[in-house]
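Here's the letter readout for the chains.
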Amino acid sequence: MTTTDGEDRIRRRPDDEEADIYDEDGNVRSDFLALVGAAIADRDTLFLRQNVARLHESEIGDLLESIQPDQRLALVRLLGDDFDMTALTEVDEAIRREIVDQMPNEQIAAAIGELDSDDAVYILEDLDKEDREEILAQLPFTERVRLRRALDYPESSAGRRMQTEFVAVPPFWTVGQTIDYMRDEEDLPYSFSQIFVIDPTFKLLGAVDLDQILRTKRQTKIEQIMRETNHPIPAEMDQEEAAQLFEQYDLLSAAVVDENGRLVGVLTIDDVVDVIHEEADEDIKRLGGVGDEELSDNVLSTARSRFLWLLINLGTAMLSASVIGLFDASIEKMIALAVLMPIVASMGGNAGTQTMTVTVRALATRDLDIYNAGRIIRREAGVGILNGIIFATIMGAIAGTWFHDYQLGGVIAAAMIINLMAAALAGILLPLLLDKMGADPAIASSVFVTTVTDCTGFFAFLGIATWWFGI
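Residues numbered from 1 in each chain as written. Predicted model: local features only at pLDDT ≥ 70, side-chain atom pairs only at ≥ 80, totals over all residues. Heavy atoms only, no water.

1. Digging into the environment of R146
Right, on to step 1. Here R146 lies in helix α10 (residues 141–152).
Right, on to step 2. Accessibility expressed as a relative area gives 26% for R146, which makes it partly exposed.
Right, on to step 3. Spatially, the C-alpha atom of R146 lies 31 Å from that of L78, the residues being 68 residues apart in sequence.
Right, on to step 4. When residues no more than four places from it in sequence are discounted, the contact partners of R146 are T164, E165 and D187. (Helix = DSSP H or I, 4+ residues; strand = E, 2+ residues; numbered from the N terminus. Buried < 20%, exposed > 50% of the residue type's maximum accessible area, 1.4 Å probe, protein only. Contact = heavy atoms within 4.5 Å.)

Printed below as a string of structure tokens:
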């Protein structure tokens, strides 16, 4: 078979050489995708094992998202036992479900047994209960118990995210005993940075960093060098709150404890980075009213996820239209009002969205609370007034020159100040109110802030114009 230069380069690359599958923009190279597609079509397992199986899990995840849907399952089947199931934690939920649903439970169980517990839970939680139980039944007893315990914790909690593999020793052990234990024990986590200290009931007493172990003489007892655990995380805590603790205290890992203070797992920085990314992604999507959709979702599921907020937006748009309807006679007599009124509403909507975005993010990161809310509200009100005056001056001059009527310019200037002030207050007060009521401000704020600015803008501009010109 004749090979291209790109194909020859990829085939001949040594296995220990760092894979170069990305182009300068960070996308999977088109020539590599073509070669993988050809290998799948030709069932060339040798090429796939040499050039795909050895990639990092994140690179395999990017590859799975880049190839055609009908090629994904074929790639997994051709790789067989060489397929790294951890790669499924790197793809979006729709693709993960698509692949896992087509894999035999026996193959999933065999692969799950090789994964860290946090990655295993990430895959198992997407399965139907019947398939999950069948897979768990094929695992060793200890591993099965660990995974079931993690799956029993609420979704998006620290208990779901934690890794159940950790190193724990009693306080009366010496440093030498601990080192010997770590050298002899085969069932240790692949990577860890601290050792936890527990009593006979597994209650967490403290922790010792590995560097402290290495710097201490063998005969020293663990209880002499252990420190109180830095901010143990309750297993029921929301993953976003746990991530905030990592950010606040610069943690690399943290113990996860149950309601009785017993050590049940460890949360590590790599999982927390994923949590931060997911939560930020979720907030952005909710601000846009698109729910939990993924790029790989089909047309029907995507349309369904967007329908509700579009329906609500239709209702609020009709409310704004009814405000305009109150002044239909004024608009008929002065056509300039119809030309200018969208400008007032649009400026208010944009200003409100700016304030709302900052507020929602501050609430999510807990930078905004009862202690500084008053100061922030006053700041946003000041910003609204200042921007209102500036843009009122600009728009008033433009409208007066445009329609040769500087009284009309004064009307729109007054309406602009009122609406930008209302936008600033709505942008911060509505998210605060929704948060106080227990609703997610990221989901509900946008449509209500826009409604307030539209209605206020139309009413202020048309109302002032009707009063001033007597129409």
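2. Here we look at the UniProt feature "transmembrane region" (unreviewed entry) in the protein chain
Right, on to step 1. Cross-referencing UniProt, the feature "transmembrane region" (unreviewed entry) maps to residues 307–327, 385–404, 410–434 and 446–469 in the present numbering.
Right, on to step 2. For residues 385–404, helix accounts for 95% and strand for 0%, while the C-alpha atoms at its two ends are 27 Å apart.
Right, on to step 3. Between the C-alpha atoms that bound residues 446–469 the distance is 34 Å, and the span itself is 100% helix and 0% strand. (UniProt positions renumbered as here; feature names shortened; annotations may be inferred.)

3. Concerning unusual backbone geometry
Right, on to step 1. Although it is not a glycine, S156 adopts a positive phi angle of roughly 65°.
Right, on to step 2. Within the fold, S156 resides in the loop between α10 and α11 (158–161).
Right, on to step 3. Positive phi, normally seen in glycine, also occurs at H404, with a value near 55°.
Right, on to step 4. The exposure class of H404 is exposed, given its relative accessible area of 71%.

4. A short note on the domain arrangement of the protein chain
Right, on to step 1. Assigned domains of the protein chain: these are domain 1 (30–151), domain 2 (168–286) and domain 3 (299–469).
Right, on to step 2. One C-alpha centre belongs to domain 2, the other to domain 3, and the line joining them spans 48 Å.
Right, on to step 3. At the junction of the two partners, domain 2 supplies five residues and domain 3 supplies seven residues.
Right, on to step 4. Each partner contributes to the roughly 610 Å² buried at the junction of domain 2 and domain 3, and carbon and sulfur atoms together form 39% of this total.
Right, on to step 5. Counting across the domain 2 and domain 3 interface gives zero salt bridges.
Right, on to step 6. There are zero residue pairs in polar contact (both at pLDDT 80 or more) connecting domain 2 and domain 3.
Right, on to step 7. Broken down by element, the side of domain 2 that touches domain 3 gets its largest block of residues, three residues, from helix α15 (residues 239–249).
Right, on to step 8. When grouped by side-chain class, the residues that make up the side of domain 2 that touches domain 3 number no nonpolar, one polar and four charged. (Domains from an automatic or database assignment. Buried area = accessible area lost by both parts, 1.4 Å probe. Salt bridge = Lys/Arg side-chain N within 4 Å of Asp/Glu carboxyl O. Polar contact = N/O pair within 3.5 Å; in protein donor to acceptor, adjacent residues only side chain to side chain. Nonpolar A, V, L, I, M, F, W, Y, C, P; charged D, E, K, R; others polar.)

5. Here we look at the UniProt feature "domain: CBS" (unreviewed entry) in the protein chain
Right, on to step 1. In this structure's numbering, the residues bearing the UniProt feature "domain: CBS" (unreviewed entry) are residues 226–282.
Right, on to step 2. Between the first and last C-alpha atoms of residues 226–282 the distance is 39 Å; the span itself is 44% helix and 23% strand.

6. Focus on the confidence of the model for the protein chain
Right, on to step 1. Of the residues in the protein chain, 93% reach a pLDDT of 70 or more, and the chain-wide mean stands at 86.
Right, on to step 2. Ranking the elements of the protein chain by mean pLDDT puts helix α1 (residues 5–12) last, at 41, and strand β4 (residues 233–234) first, at 95.
Right, on to step 3. Ignoring residues within four places in sequence, the model shows residues 1–18, a span with pLDDT below 50, making 27 contacts including any to other chains. (pLDDT = per-residue confidence, 0-100.)

7. Quick word on the sheet that holds strand β6 (residues 263–268)
Right, on to step 1. With mixed pairing, the three strands of this open sheet are ordered in space as β4-β5-β6. Of all the strands in the sheet, just β4 and β6 have a single pairing partner and so form its edges. (Pairing = 2+ DSSP bridges.)

8. Digging into the pattern of salt bridges
Right, on to step 1. One pass over the full model with this rule turns up 13 salt bridges.
Right, on to step 2. Salt-bridge contacts for R72 lead to E98; the nearest nitrogen and oxygen are separated by 3.4 Å. One end of the pair, R72, is in helix α5 (residues 69–79); the other, E98, is in helix α6 (residues 93–100), with 26 residues separating them in the sequence.
Right, on to step 3. Residue E98 is classed as partly exposed on the basis of its relative accessible area, which comes to 32%.
Right, on to step 4. A salt bridge links R97 to E93; the nearest nitrogen and oxygen atoms lie 3.1 Å apart. Of this pair, R97 and E93 are both found in helix α6, four residues apart, which corresponds to roughly one turn of the helix.
Right, on to step 5. Under the relative-accessibility criterion, E93 is labelled partly exposed at 34%.

9. With respect to the packing of aromatic side chains
Right, on to step 1. According to the stated counting rule, one finds five aromatic pairs in the structure shown.
Right, on to step 2. Each ring, one from F166 and one from F196, has its centre 6.5 Å from the other, and the planes form 80°; the classification is edge-to-face. Of this pair, F166 sits in the loop between α11 and β1 (168–169) while F196 is found in strand β2 (residues 194–198), placing the two residues 30 residues apart along the sequence.
Right, on to step 3. Here F327 and F459 contribute two aromatic rings whose centre-to-centre distance is 5.7 Å and whose plane-to-plane angle is 70°, an arrangement assigned as edge-to-face. Note that F327 is positioned in the loop between α17 (299–325) and α18 (328–333) and F459 in helix α22 (residues 441–469), a separation of 132 residues in sequence. (Phe/Tyr/Trp six-rings, centres within 6.5 Å; stacked < 30°, edge-to-face > 60°.)

10. Focus on a negative patch on the surface
Right, on to step 1. A surface patch of like charges, here negative, comprises D101, E106, D128, E130 and E134.
Right, on to step 2. Looking at the element boundaries, D128 is found in the loop between α8 (117–124) and α9 (129–137).
Right, on to step 3. On the accessibility criterion, D128 (52% relative accessible area) is exposed. (Patch = residues over 30% accessible without salt bridge, like charges linked within 9 Å, V, L, I, M, F, W, Y side chains within 5 Å. Areas by Shrake-Rupley, 256 points an atom, 1.4 Å probe, with all protein chains shown as cover. Lys, Arg positive; Asp, Glu negative; His and termini not counted. Charge placed at Lys NZ, Arg CZ, Asp CG, Glu CD.)

11. Comments concerning the nonpolar core
Right, on to step 1. Within the largest apolar cluster, 62 residues are counted, with the highest numbers of intra-cluster contacts made by L48, L64, L75, F83, M85, I112 and I233.
Right, on to step 2. In terms of residue count, the dominant contributor to this core is helix α2 (residues 30–42) (five residues).
Right, on to step 3. The residue makeup of this core includes at least three contributed by each of domain 1 (30–151) and domain 2 (168–286).
Right, on to step 4. Contact partners of F83, with chain neighbours within four places excluded, come to I60, L64, V76 and L88.
Right, on to step 5. Judged by nonpolar contacts, the second largest core, of 29 residues, contains I324, V344, A399 and M416. (Core = buried A, V, L, I, M, F, W, Y, C linked by side-chain atoms within 4.5 Å.)

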